[in-house]
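Residue-level structure breakdown
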Amino acid sequence: MRRITFSAVMIVVFLVALSLFGNNIHEIYRKIVDSSERITPKSYRVRVENDSFSEALAELPEEIRTGEEEPAVMIYFEKGEGVRIVIENIRSEYASLFSMYEDYLKFSGISNVQNPMEFKEMIDQGKVQFYEEDNKNIILKAWEPEQDEKNGDYALFTLSKSKWVIEKALYYLDGTPYVQAENKYKDFGNYYLPYEIELMNLADNSSEVFRFMEYQFK
């Protein structure tokens, strides 16, 4: 299935700022970086709970487990690198069994928004436009930078104007909405981070919920 990647998110945030702060791209970039530095740690690890994860972990054979602790799915985040999903308490050669779920998290946009240093590289690719806004949010329409034309495959990103985080991402395929991500955030100490992401397949009304538990910061 074709899908829009979150490289477009990087462009989105810059062009949002353009509408608010004028044409000084360096000032825009500084504001985005400053926001990220306040609300996102340089790195963290967090346990992730999900029904599919729980079922799969329960079926892991005993011989690949290590130690007495139960296997757990963890997200490792580092600014400039994004996210990795790792299973802890099993043999290292099996630790990346759930790495395919990293794409699910990219749908939410959290990894790229938490890496503002990557935005600047995307400014000149330009396939994004203002869609609408209200007092709290701004919505932008974005196409994949690699697309030759602005067609019916695009995404609508809803960003909080107070925190510059993506609260919702709605993906369209041939002009029809097919995947939606809703991100819920709250304060964790000095940081403002997601505690739940719900990904909805609009074609069959199915959904996956990812719950973030026990953040650990470096």
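Before going into details, it helps to say that this report is about the structure given with it. (Residues numbered from 1 in each chain as written. Predicted model: local features only at pLDDT ≥ 70, side-chain atom pairs only at ≥ 80, totals over all residues. Heavy atoms only, no water.)

Helix and strand content of the chain: five helices and 10 strands. Buried positions account for 50% of the 218 residues belonging to the chain. At a minimum sequence separation of 6, the contacts of the chain that also span at least 24 residues come to 52%. A total accessible area of about 11,400 Å² is found for the chain, and carbon and sulfur atoms account for 44% of it. (Helix = DSSP H or I, 4+ residues; strand = E, 2+ residues; numbered from the N terminus. Buried < 20%, exposed > 50% of the residue type's maximum accessible area, 1.4 Å probe, protein only. Contact = heavy atoms within 4.5 Å. Areas by Shrake-Rupley, 256 points an atom, 1.4 Å probe, with all protein chains shown as cover.)

Moving on, we get to the pattern of salt bridges. Tallied over the entire structure, the rule returns eight salt bridges. Linking R45 and E88 is a salt bridge whose minimum nitrogen-to-oxygen distance equals 2.3 Å. Of this pair, R45 sits in strand β1 (residues 43-49) while E88 sits in strand β3 (residues 82-88), and the two are 43 residues apart along the sequence. By relative accessible area, which is 18% here, R45 ends up buried. Among the salt bridges present, the one from R91 reaches E93, with a minimum N-O distance of 2.8 Å. (Salt bridge = Lys/Arg side-chain N within 4 Å of Asp/Glu carboxyl O.)

We now examine unusual backbone geometry. As a rule of thumb, non-glycine residues mostly have phi less than zero, and peptide bonds are mostly trans rather than cis. With a phi angle near 60°, N205 is a residue other than glycine that sits in the positive phi range. Classification of N205 as exposed rests on a relative accessible area of 71%. For E214, which is not glycine, the phi dihedral falls at a positive 60°. Among the secondary structure elements, E214 is positioned in strand β10 (residues 206-217).

Before going further, it helps to examine the nonpolar core. Grouped together as the largest cluster of nonpolar side chains are 37 residues, with contacts concentrated most on I75, F98, F157, F210 and F212. Among the elements that make up this core, the one with the highest residue count is strand β8 (residues 176-188) (four residues). The contacts of I75, once residues within four sequence positions are left out, are Y44, R45, V46, V48, V83, R84, I85, L105 and F212. If you look at the next biggest cluster of nonpolar residues, it comprises six residues, including W143, L156, L170 and Y172. (Core = buried A, V, L, I, M, F, W, Y, C linked by side-chain atoms within 4.5 Å.)

We now examine the pairing of strand β7 (residues 166-173). Alignment of strand β6 (residues 154-160) against β7, held across six bridges, turns out to be antiparallel. Note on β7: the bridge partner recorded for L159 is I166. Counting the residues between successive antiparallel strands, the hairpin from β6 to β7 contains five residues, one of them, W164, with a positive phi of roughly 60°. Pairing of β7 with β8, which is carried by six bridges, proceeds in the antiparallel orientation. Along β8, the bridge assignment pairs Y171 with V179. Between β7 and β8, which follow one another and run antiparallel, lie two residues, and D174 among them has a positive phi close to 55°. (Pairing = 2+ DSSP bridges.)

On the secondary structure map, Q180 appears in strand β8. Judged by its relative accessible area of 12%, Q180 is buried. Within the structure, Q180 has its side chain in polar contact with the side chain of E182 (distance 2.8 Å). In this view, Q180 contacts K168, A169, L170, E198, L199, M200 and L202; residues no more than four positions away in its chain are not counted. (Polar contact = N/O pair within 3.5 Å; in protein donor to acceptor, adjacent residues only side chain to side chain.)

Glancing now at the packing of aromatic side chains. In this structure the tally under the stated criterion is 14 aromatic pairs. Consider the rings of F53 and F98, whose centres lie 5.0 Å apart with planes at 10°: the pair is stacked. Taken together, the positions of F53 in helix α3 (residues 51-58) and F98 in the loop between β3 and α4 (102-108) put the pair 45 residues apart, joining distant regions of the chain. There is no split in this pair, since F53 and F98 are both buried. Among the aromatic residues, those joined into a ring-pair cluster are Y44, F77, F188, Y191, F212, Y215 and F217. Seen from the ring of Y76, R84 lies directly overhead, with NZ or CZ sitting 5.3 Å from the centre. Looking at K186, its charged tip hangs above the ring of Y195, at a distance of 5.1 Å from the centre. (Phe/Tyr/Trp six-rings, centres within 6.5 Å; stacked < 30°, edge-to-face > 60°. Lys NZ or Arg CZ within 6 Å of the ring centre and 35° of its normal.)

Note that every value here comes from positions in space, so none of it alone points to a role or purpose.
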